[in-house]
Every structure is written in C-alpha cells, then in structure tokens.
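Listed below are the residues making up each chain.
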Amino acid sequence: MARRPPWRRIRSAAVIVIAVPAAGFLLHGCPSIRDGMAGQLAQAQKESESAVTTGSLALDLWRNHKSTNQLAAVQLSDAGDEVTKAYKGIATLTADNAADLRQQRTLTAAMTDAITALNAAGALVRGVGTDDSPDAARQRLIAAVAQLQSANS
Amino acid sequence: MKGLFAVALGILTAIGGFVDIGDLVTNAVVGSRFGWGLAWVVPVGVLGICLFAQMSGRVAAVSGRATFEIIRDRLGPKASMANLGASFFVNLMTITAEIGGIALALQLATDVGPMLWMPVAAFAVWVVIWRVRFKIMENVTGLVGLCLIVFAVSVFLLHPDWAAIGRQAIAPVIPQSESAATYWYFAVALFGAAMTPYEVFFFSSGAVEEGWSTKDLGKSRLNVIVGFPLGGLLSLAIASGAAIVLAPAAIEVTALSQVVLPVVVGGGKLALAFAIVGIFAATFGAALETTLSAGYTIAQYFGWTWGKYRRPAEATRFHVVMIVALIIGCAVLLTGVDPVLVTEYSVVFSAIALPLTYLPILLVANDPEYMGEHVNGRSMNTLATIYLVIILAASLAAIPLMIVTGAGQ
C-alpha cells in the first residue's frame, strides 16, 4: 500500500487543529448552549408574546371589518401553532435550580392560557359555536399577552 | 411603437417577477426585527444581481448558448460538477419554498390548510410548464405580480415618519433586543435572497429560449437596469410595512399570514386582495422559473436537448428532471416541514453557494473565445471583482453565523 506523502499528513493535521477548536467555539456560541435554560425560556416567552400580539391585532382588524374571516382565521391558527411550538420547546427542559423551575411552570401555564384564548378567538372568527363576543375574545388575548409578559419578570 | 411596448413589457415583467417567497419572508422578518437598519443590503444585493444577470444575458445573446453549457465547456466536467451540485441543491430548496409559498397564499385566501394546496400547486406548475408558451408564462406572472405594488401603496397609507425612516436607513443601528451576530446573519440572508442563483440561470436560458442576439443587448440591459431596481423597491416596501406596523408591537414575522398585516392595517380588504393575488403570482412565477432552472442546469451540464420551445417529446430528459424536482419539493413539504423555515434556510444556502455560481459567469464573460468583442470592460470587471469579494465574505460567514445565532433566533 502506498504511503501518503508527508505534506498531506501535515495538511490533515492542520485541518484538524483548526477545524476542531473552531467547531467547538461555534457550538459553544450556539444559543441553546450559551444561554442555558433561562435563555431558552426567555426566547420561548418572546416568541409566544409575538404570536399572541399578532392574534390580538388580527382579531382587532377582523372586528373592525378591515380583514376577512379567512385571513383572520389563518392568522389566529398560525399564532396558536407558534405558541404550541414554543411550549414544546420548553416543556421537556429539566431545570437545575428552583428559579428556572418556577419560571418554567409560570410560563407554561401562561402559554396554555394563550393557546386557549387563540383557539377561542379562532372558533369565533370561523363561526364555530362559542359564547364569546369579539370584544371579550380580544380582552382575553390582551390578558394572555400581559400574563406572558409577567411570566418573565 | 411595437419596440417601445416590448421594452415596457420587459421592464414591467422584471419588476413583477423580481420578488419571490424568499424576498417576501426575509424582508418582512428583517423589517419586523431591525426596522430600516438593514435597508442598505437591498440596494447592494440588487446591484449585484443586475451586474451578473446582465452579464449572463450578454453571454447568452452573444454566444447563443446558456451559461451552464459554457461553464462546463470552460471549466471542464469535474470543476463544473461542484457548481452544478451546489446550484441544483439550492434550486431544489427554492422550488420547495416556492411551492410552499403558493400553498400559503392560497391558504390566506381560503382558510384551507396548505397541505391540501401543495400537490395542487406542484401539479399546476407542471401543467403550465408543459402547456403554456414561454413568453405568455413569463409575462402573465410578471404583470400579475405587479399587484405587490400594494405593499408600497400601504406604506404611504400608513403615514410613516419619513425623516425617521431616512435617519435609520442612512445611519443603521442594531436594536437593543438583537445581537451583532443576528444582524449580520440577516444581512447575509437578505443578500442571498436578492442574489438567488436561479435568477441568472433562468435569465440566460430564457435568453436562449427567446432567441436573443446581439441586437437584443440594449433591451436586456434596460430590463435589468430599470426592472430589477424597481423590483428592489418592492422588497424595501415589504420591509418598511413590517417596520412601521410590526416592529413597534414587538411582532416578529414567523408566518406568511403576518407579512400581509401591514397591508391590511393600511388598506383594508381591497389592499389584502391585491396582496394575496400578488403573492400568488410572485410565488407561482418563481416556482415556474426555479423548476425550469432545475431542468436547464442538469440538461445543459449533461448536454441533453433542452428548452421549452421544443416539444416535450423532443426533450424528454429535460422534462423528467423538472417533474422529479417538483415531486421532491412537494414530498419534502408533505412531511410537514414549515415552508417559511424552508424559505429562511434556502436564502442562507443561496448565499453559501453564490461564489460557485457567479465566479464562472465572470470567467466566461471575459473569455474572447465565446464573447468576441463583447467581453467585459474594465469598469465592469472592477465592480464584479468587488462583488465577488462581498459574495465570498457572505458565503464564508453564513454557516458560522447560522450556528452562533441558532438560525437567527
């Protein structure tokens, strides 16, 4: 079997010496490793707040006859999916201190309420049986945003 | 008069056809998170695409051959295989994103889930490619795509503080809620969205389809130099709407349904109707272009018979490649992957593949064997070389930035 020329071995070694620390450095900078559980909770809170605010604005535009039933329903459904995705991202995290655990509980509870409020608003827009008025549905969404904001404080 | 009409039609088509799902999503995301802080990237990207699209159009008009045919000739099969692999992969991601975009646009109009629309969209793209003439296909989608002007109209209806917009655009500042890495990640994404590789392959292959010669060089230059920058203004309008309506409410765009919110706030239901028609036309037009580009690149590399002007029976392998690309794109979407996520990744991967696409075009445009007296001038080469440095920097920075920011989190 032919031996590899020495310059090739040097090149391979150089690639390993540069690439491995660089990959380690980059992965260390990855948000989920860098920020830990607190960072992931904050990110989930931010995403959920953005989604519920979208839902609230969508419902407001629909209530004022500026938007269509179809668009408002899609926007509320997308907002619900976004909060659900954020919920799944943090629900299985294992907290290693009491503060993170408390915040995880508060945030998941706020997210559950937000999903319920978005589903109720979606049902209202789609004309599926619900007792909520547009005003009440919007108030619930505003309350859900406030609850999410307080969950991070 | 007829010539003037053809020029006007070409320009209008270029404007309407400039925006695709990548531009729509990326500009809205950037506007909602950075305001006008990244507005400078759009003119940089537009100038770049003008430069290289014009170059590839000239290569096609002078040599009568499309870019990929010449790249294989000029660089040899091995070197051009890397180019083909990267371009085809990015193109496939873009096809997937565009089919997803059509489905999402139809969902906005009907409230019927996108999964049901995806096979319909892919089938409709195939039928149009199979049956409709190239010129009609290009003009109809481009002209209907002009409905996206409603995004610009909405910006005026929202009565923004123009002085503040000017200040932010001229002296960009990274918002406190964002990191420098995220800022540069989205700068690369926006640049990749403006300079998507399929645009030049489609442009040069389209020139061959339409039988351009050196007589058409002036018209092609005008289409690119006027049409693309005006298309770029549409991109800026999308970002501006998001910056005016979504950023102050701390809404970050993660869905296409959020992209139209500024239009609805500004113009109500009528504006929404225009926006949905425009988004549908833009994504449908881009799906046609990317699907054709998939056929073009593979057929041109392997030297197969290609072209929409030929009957499908005369270019079977070219058509089979397009059908397979559509099936793969649709299958990927039917796994349940988020089309917006595919779009976000496709524009970043576009940025990564840019040097492999644009360096060979520059080499060919300077080769007198193909170009004769129409080789690049000195100023064109200087500008193109500057752009290659920017492209290389964006390409090298894309993956590290993607990892460090968790894909823009």
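Note that the structure is predicted; figures quoted are calculated from it, not measured. (Residues numbered from 1 in each chain as written. Chains lettered and ligands numbered in written order. Predicted model: local features only at pLDDT ≥ 70, side-chain atom pairs only at ≥ 80, totals over all residues. Heavy atoms only, no water.)

A. Empty space enclosed by the protein, seen in detail. Residues and elements named next belong to chain B. With the rule as written, the count across this model stands at nine cavities of 30 Å³ or more. Volume-wise, the largest cavity comes out at about 70 Å³. Lining the largest cavity, in full, are Val25, Thr26, Val29, Tyr185, Phe186, Ala189, Glu344, Val347, Val348 and Ala407. Elements with a contribution of two residues or more to the lining of the largest cavity: α2 (21-34), α9 (180-194) and α15 (339-365). For the lining of the largest cavity, the class distribution of residues is eight nonpolar, one polar and one charged. (1 Å grid on protein atoms, 1.4 Å probe; cavity = no way out; pocket = protein on both sides within 12 Å on 5 of 7 lines; lining within 4 Å. Points joined across faces, edges and corners; volume = space filled by probe spheres on them. Helix = DSSP H or I, 4+ residues; strand = E, 2+ residues; numbered from the N terminus. Nonpolar A, V, L, I, M, F, W, Y, C, P; charged D, E, K, R; others polar.)

B. Quick peek at the interface of chain B and chain A. Contact with chain B, which involves 29 residues of that partner, is made by 25 residues of chain A. At the junction of chain B with chain A, the criterion picks out two salt bridges. A salt bridge links B:Glu252 to A:Lys46; the nearest nitrogen and oxygen atoms lie 3.3 Å apart. The interface formed by chain B and chain A holds nine residue pairs in polar contact (both at pLDDT 80 or more) in total. (Contact = heavy atoms within 4.5 Å. Salt bridge = Lys/Arg side-chain N within 4 Å of Asp/Glu carboxyl O. Polar contact = N/O pair within 3.5 Å; in protein donor to acceptor, adjacent residues only side chain to side chain.)

C. Spotlight on the nonpolar core. Counting residues in hydrophobic clusters, the biggest one holds 135 residues, and the most contacted among them are B:Leu38, B:Phe52, B:Met55, B:Phe151, B:Leu292 and B:Tyr358. In this structure, A:Leu41, A:Ala86, A:Leu107 and A:Leu118 belong to the second largest nonpolar core, which totals 30 residues. (Core = buried A, V, L, I, M, F, W, Y, C linked by side-chain atoms within 4.5 Å. Buried < 20%, exposed > 50% of the residue type's maximum accessible area, 1.4 Å probe, protein only.)

D. Just α2(B), in detail. Residues and elements named next belong to chain B. Taking 1.5 Å per residue as the helical rise, α2 with its 14 residues ought to reach 20 Å, and the 19 Å between its terminal C-alpha atoms agrees with that figure. Burial analysis of α2 places 14 of its 14 residues in the buried class, which makes it a mostly covered element. Measuring from the side-chain oxygen of the N-cap residue of α2 to the backbone nitrogen of Gly22 gives 3.1 Å; that N-cap residue is Asp20. Taken from the residues just after α2, Gly35 is the one with a positive phi, measuring 60°. (Expected span 1.5 Å × (residues − 1).)

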